[in-house]
Structure formats: structure tokens, C-alpha cells
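Okay, here's what each chain looks like letter by letter:
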Amino acid sequence: MVKNFKQLSAKIGKYGKKRIAVAMAQDGDILLALDAAYSAGLTDATLIGDQDELEKIAHSHHMNLNHYEIIHQREETAAIQEAVRITREGHAQVIMKGLCSTAGFLHGILDKSNGLRGNRLLSHLAIFESPNYHKLLFMSDAAMNIAPDLNEKIAITQNAIDAVQALGYRKPKVAMISAVEKVNPEAMPSTADAALISKMAERGQIKNAIVDGPLAIDNALSVRANTIKGLVTPVGGDADICIVPNIETGNVFYKLLTILGNTLVAGVILGARVPVVLSSRADSENAKYLSIVAALAISSRWRSHG
Ligand code: COD
């Protein structure tokens, strides 16, 4: 079990520096995060974006960009396509979203003929280190799949399980989140999907995890809530992974924890041909650095069960 980001960083093997291609890199927090990753010996970078802006930002942060490759491109779609192209061609091994829209960046990754899609569903995984939880908490999907159907939820769940397995978890505990713990198919269809996925895991159709649901978020994270409700669950109070029913839930979960929860956060996209770093534009420098670390740690030992 990984308790914090420090332990997660230790999971990055000695695989040598990776080159990271950043689409629309002209952002102070991104440059500071890249600087930290460069100094830690983790990454080199190719910065695709507005060169004048990059130089201005670097100057204001007393940063030296000499050790980076810079490709001048002001236009967002062209910058994303260029970052995807150099990654697809092997010039970079990791790709990162900079100061561009998430949907635009993901469209570039998903492009059928020129993108970085593999043969499985792509999904976003968020990782949290909260002072109020006893270990790292993983959550999906806050940023990519908008309203996943049952099959997509199964793929999102398996992606998250494969990722935490890559970090050394043997059998992670997965909570299928809804608003209540009772199955109520008509009024709250997400409870039925949660129950189905939980049964599928029990029968081995979803591998390498203990899955339970539906669980409300307090049941997933608090032993006290389960004691009070008299709920017996193999996952509740000790979840490693929360799978939320839709992007709205995930996005609110993510942003509330970062803004009000005093929580460290990282974000990655799973299932592509290369590690994809995807943090929110408003995330801190540290969140962006931790997202790079998380993408490298997961990809260094990723084994697909999908
Ligand atoms: N995994 C694999 N393939 C996918 C996925 C996925 N998750 N999503 C779509 N595809 C495939 C489609 O089947 C199609 O073949 C191709 O990709 C392109 O499909 P489009 O152009 O129809 O893509 P859309 O319209 O489904 O858009 C995909 C996005 C990921 C861009 C879209 O779902 C989206 O905007 N997601 C939310 C992004 C966002 O705004 N996040 C904000 C929170 S920070």
C-alpha cells in the first residue's frame, strides 16, 4: 500500500530520463514542475507553444530554458497535434497537457490515424494525498468520460485497478460510488451499475480487486459511517479506489479536495500508447509535478488486463 506521494515517487524505477512533450507549455506552474522533474533526473522536455511567452515566463521565474527543446507554435490545435506527432514518432516518451482545453488535448490523443490511442478505453485517474485519509486515494473518472455506460464503467474500473497494481498493490479495494448504498435501479440507475460491477468482480469478470457498491462516499471512506449505518462491506472505510458514476461527480470531487481539502493531487490519462499527464489548468505547480511523477510511476510497470 502506498501511503503518500513520497512513497509513490520511490516506485519510479531507474529507467533513465524520459522526454516529455508539452502541448501549449507557456504556463509558469508547468515550467516550474518541469524544472523540478528535470532536477530530479526524471525528464527532459520539448516545449511546444508560444516562444515569446515561454521566454517571458522563464525570465520572470529566473528559469533557464536552454536545456529544453522549444518548438514555436502559437495556435492551440497545431501545438497539440505537434506534441502528439513527436510522441507518436518516438521523439518523446510522455505527453503532457499545458495551457489548452482538456477536450482539445484529448481529441488530439484520440485522433484515429494520427493519435496515441491503444486498443482500450482511455480514462482519467486522479490521485489524492489527504491529511484526513490514511493512504493514497485514487478516483476515476473526473476529466475524460462524460457519462460512461456500463461497459465504459467496467473499462474505467479495470484501468484504475491496472494502474494501482502497477504501483505494487496486490488486490486494491474499489468502491463503486453512488449517493446511497441501497440498489435503486429506477430512481438512481448508477446504483444498479455499481451492484452489477461489484458482482462481476466477485465472479472474476473484473480481475485483481475487491469491489463493492453501491457505496455513498462516506461509506467508502469512513468506518464510523458504516458502523452507524450498520453496513458490512469488505471495502467501506478503507477504499483505495473510488469509481464515480459520471464526470460531474468526479470533477466536483477533485476540485473540492484541492480547493477546500488541503489535499495533494495528481492526474493522468490511462490506456494510451504512452503515459499522458493531465492536470487541471488551475492546479498548482506541485500538482503538475506530482502528475508527471504519477504518470512515470504507473507506466514503468503497467500491465494491461483489459
Ligand atoms: N477512450 C477511447 N476512445 C474514445 C474515448 C475514450 N475514452 N472517447 C471517445 N473515443 C473515441 C470515439 O469512439 C471515436 O472513435 C474517437 O474517439 C473520437 O471521438 P469523438 O470525436 O466523437 O470524441 P468525443 O466527441 O466522444 O470526445 C472525446 C472527449 C474525450 C474529447 C470528450 O468525451 C470530452 O470532451 N470529454 C470531457 C473533457 C472535458 O471537458 N473535461 C473537463 C474536465 S477537466
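Shown above is the structure to which this text applies.
The structure reproduced in this document is the subject of the present report. Quick caveat: nothing in here was measured; it's all calculated off a predicted structure. (Residues numbered from 1 in each chain as written. Predicted model: local features only at pLDDT ≥ 70, side-chain atom pairs only at ≥ 80, totals over all residues. Heavy atoms only, no water.)

## Side note on the packing of aromatic side chains
For the coordinates displayed, the defined rule picks out four aromatic pairs. Geometrically, the ring pair formed by Phe128 and Phe253 is stacked, given 5.5 Å between the ring centres and 20 degrees between the ring planes. Residue Phe128 is located in strand 5 (residues 123–129), and its partner Phe253 is located in helix 10 (residues 247–260); the two are separated by 125 residues in the primary sequence. A single burial state applies to Phe128 and to Phe253, both of which are buried. Residues Phe128 and Tyr254 carry aromatic rings whose centres are separated by 5.9 Å and whose planes lie at 65 degrees to one another, so their mutual orientation is edge-to-face. You can see Phe128 sitting in strand 5 and its partner Tyr254 sitting in helix 10, a full 126 residues away along the chain. Put simply, the rings of Phe128, Phe253 and Tyr254 touch in pairs and so form one group of aromatic residues. (Phe/Tyr/Trp six-rings, centres within 6.5 Å; stacked < 30°, edge-to-face > 60°. Helix = DSSP H or I, 4+ residues; strand = E, 2+ residues; numbered from the N terminus. Buried < 20%, exposed > 50% of the residue type's maximum accessible area, 1.4 Å probe, protein only.)

## What to know about empty space enclosed by the protein
For the structure on display, the rule yields two cavities of 30 Å³ or more. Lys153, Met176, Ile177, Ser190, Asp193, Ala194, Ile243, Val244 and Pro245 together form the lining of the largest cavity. Secondary structure elements with two or more residues in the lining of the largest cavity: strand 7 (173–177) and helix 7 (189–202). Here the element with the most residues in the lining of the largest cavity is helix 7; it accounts for three residues. Of the residues belonging to the lining of the largest cavity, the class tally is six nonpolar, one polar and two charged. Computed from the structure, the second largest cavity encloses a volume of approximately 40 Å³. (1 Å grid on protein atoms, 1.4 Å probe; cavity = no way out; pocket = protein on both sides within 12 Å on 5 of 7 lines; lining within 4 Å. Points joined across faces, edges and corners; volume = space filled by probe spheres on them. Nonpolar A, V, L, I, M, F, W, Y, C, P; charged D, E, K, R; others polar.)

## Some details on the site of the ligand
Taken together, 15 residues form the shell around the ligand, and within it His107, Leu122, Ala143, Met144 and Asn145 come nearest. In this structure, a nitrogen atom belonging to the ligand sits 2.9 Å away from a main-chain N or O atom of Leu122. A distance of 3.0 Å is found between a nitrogen atom of the ligand and a side-chain nitrogen or oxygen belonging to Asn145. Against a free-state accessible area of 860 Å², the protein chains account for coverage of 61% of the ligand. (Near = heavy atom within 4 Å. Polar contact = N/O pair within 3.5 Å; in protein donor to acceptor, adjacent residues only side chain to side chain. Areas by Shrake-Rupley, 256 points an atom, 1.4 Å probe, with all protein chains shown as cover.)

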